[in-house]
Amino acid sequence: MYNHVKHPCVQHKLAIIRNQETGHKRFRELATEITQFLCYEALKNVETAEVKVQTPVAEATCHKIATDIVVIPILRAGVGMLDGILDLLPTARVGFVGLERDEETKQPISYYDKLPYQVKDGTCIIIDPMLATGGSTVAAIDLLKGEGATNIVVICIVTCPEGLAAVDAAHPDVTIYTAAVDDHLNERKYIVPGLGDAGDRLYGTSH
Ligand code: PRP
Ligand code: URA
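Quick notes on the rules
- Residues numbered from 1 in each chain as written.
- Chains lettered and ligands numbered in written order.
- Predicted model: local features only at pLDDT ≥ 70, side-chain atom pairs only at ≥ 80, totals over all residues.
- Heavy atoms only, no water.
- Near = heavy atom within 4 Å.
- Polar contact = N/O pair within 3.5 Å; in protein donor to acceptor, adjacent residues only side chain to side chain.
- Areas by Shrake-Rupley, 256 points an atom, 1.4 Å probe, with all protein chains shown as cover.
- Nonpolar A, V, L, I, M, F, W, Y, C, P; charged D, E, K, R; others polar.
- Axes fitted to C-alpha atoms, helices over the stretch in contact; angles between N-to-C directions.
- Helix = DSSP H or I, 4+ residues; strand = E, 2+ residues; numbered from the N terminus.
- Parallel < 35°, antiparallel > 145°, perpendicular 65-115°, else oblique.
- Left-handed = near helix turned anticlockwise from the far one by under 90°.
- Contact = heavy atoms within 4.5 Å.
- Salt bridge = Lys/Arg side-chain N within 4 Å of Asp/Glu carboxyl O.
- Buried < 20%, exposed > 50% of the residue type's maximum accessible area, 1.4 Å probe, protein only.

Topic: the site of ligand 1
In the vicinity of ligand 1 there are 14 residues, among which Arg-101, Asp-128, Ala-132, Thr-133 and Ser-136 approach most closely. Measuring from an oxygen atom of ligand 1, one finds a side-chain N or O atom of Asp-128 at 2.4 Å. In the complex, 91% of the free accessible area of ligand 1, which totals 500 Å², lies under the protein chains. Across the shell around ligand 1, the residue classes tally to five nonpolar, five polar and four charged.

Here you go:
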């Protein structure tokens, strides 16, 4: 299942972040800004609890988020989305999943993970700007479910039909929030038109 966020504020920023002329400083800022809009959408059904708050005038019935939020960036590019979420949700916990696509096979290789125990009962938000074949996202979800997580959403900036189908086949209970569903993957398994290599563009490591 996926939710394509078509709000003009998101689409305007997407037009700038895709542009090959956008440098890494601005790219990072835009990744943060787009992530915040997507996170807002992704948490629209998060569990809340009623609380009473005394205003200067009277008692108000309010609602506060009532679940542990655990944000899980997929290293390395997912880290470029982390600050945006932590600005919105300063008490969120953070777990890390290190996955890198093998250049030849395009399969994800796991090299690190560190997850808080709260993934089991909390709301887990996996973040990675690119969901291409879906292999990395599926591997991250597998890992979280192996730790007992049952409430998982994914936020990416750009994806494509192949990646959405792969995640849906493996984990139909997980919803993906994205700013773009692009056309296809090329022979190098890059998203077309996409935005290139997100990690390189975020960290200024393009050759
Ligand atoms: C990119 C991207 C995803 C993955 C997407 O990371 O950030 O993690 O590829 O591809 P997939 O859907 O086909 O698995 P990459 O492996 O380039 O590592 P990096 O973030 O360290 O640059
Ligand atoms: N990883 C990226 O950074 N970009 C793509 O298009 C595919 C995988």
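Side note on the packing of helix α4 (residues 135-146) against helix α5 (residues 161-170)
Viewed as axis vectors pointing N to C, α4 and α5 meet at an angle of 25°, and their least axial separation amounts to 9 Å. Of the possible angle classes, the one that applies to α4 and α5 is roughly parallel. Handedness of the crossing formed by α4 with α5: right-handed. Note on element contacts: α5 touches α4 through Ala-166, Val-167 and Ala-170, opposite Thr-137, Val-138 and Ile-141. The class makeup of the residues in the contact of α4 with α5 is five nonpolar, one polar and no charged.

Remarks on unusual backbone geometry
Residue Arg-76 is bonded to the preceding Leu-75 through a cis peptide linkage, with omega at 0°. Looking at the secondary structure, you find Arg-76 in the loop between β4 (69-75) and α3 (82-88). Phi is positive for Lys-106, which is not a glycine, with a value near 65°. Topologically, Lys-106 is positioned in the loop between β6 (96-101) and β7 (108-114). Notably, Lys-189 is not glycine yet its phi reads approximately 65°, a positive angle. Of note, Lys-189 is situated in the loop between β12 (184-185) and β13 (191-192).

Here we look at the pattern of salt bridges
For the structure on display, the rule yields 10 salt bridges. Residues Glu-33 and Arg-26 are paired through a salt bridge, measuring 3.6 Å at the closest nitrogen-oxygen approach. Of the residues examined, Arg-26 reaches a relative accessible area of 31% and is grouped as partly exposed. Here Lys-145 ties to Asp-173 by a salt bridge, and the two come within 2.8 Å at their closest N and O atoms.

Comments concerning the site of ligand 2
With respect to spatial proximity, the complete set of residues near ligand 2 consists of Arg-101, Met-130, Ala-132, Lys-189, Tyr-190, Ile-191, Gly-196, Asp-197 and Ala-198. Here Ile-191 contributes a backbone N or O atom positioned 2.8 Å from an oxygen atom of ligand 2. At 2.9 Å, a backbone N or O of Ala-198 approaches an oxygen atom of ligand 2. Computed on the free molecule, ligand 2 has an accessible area of 240 Å², of which 88% lies beneath the protein chains in the complex. The residue makeup of the shell around ligand 2, split by class, is five nonpolar, one polar and three charged.

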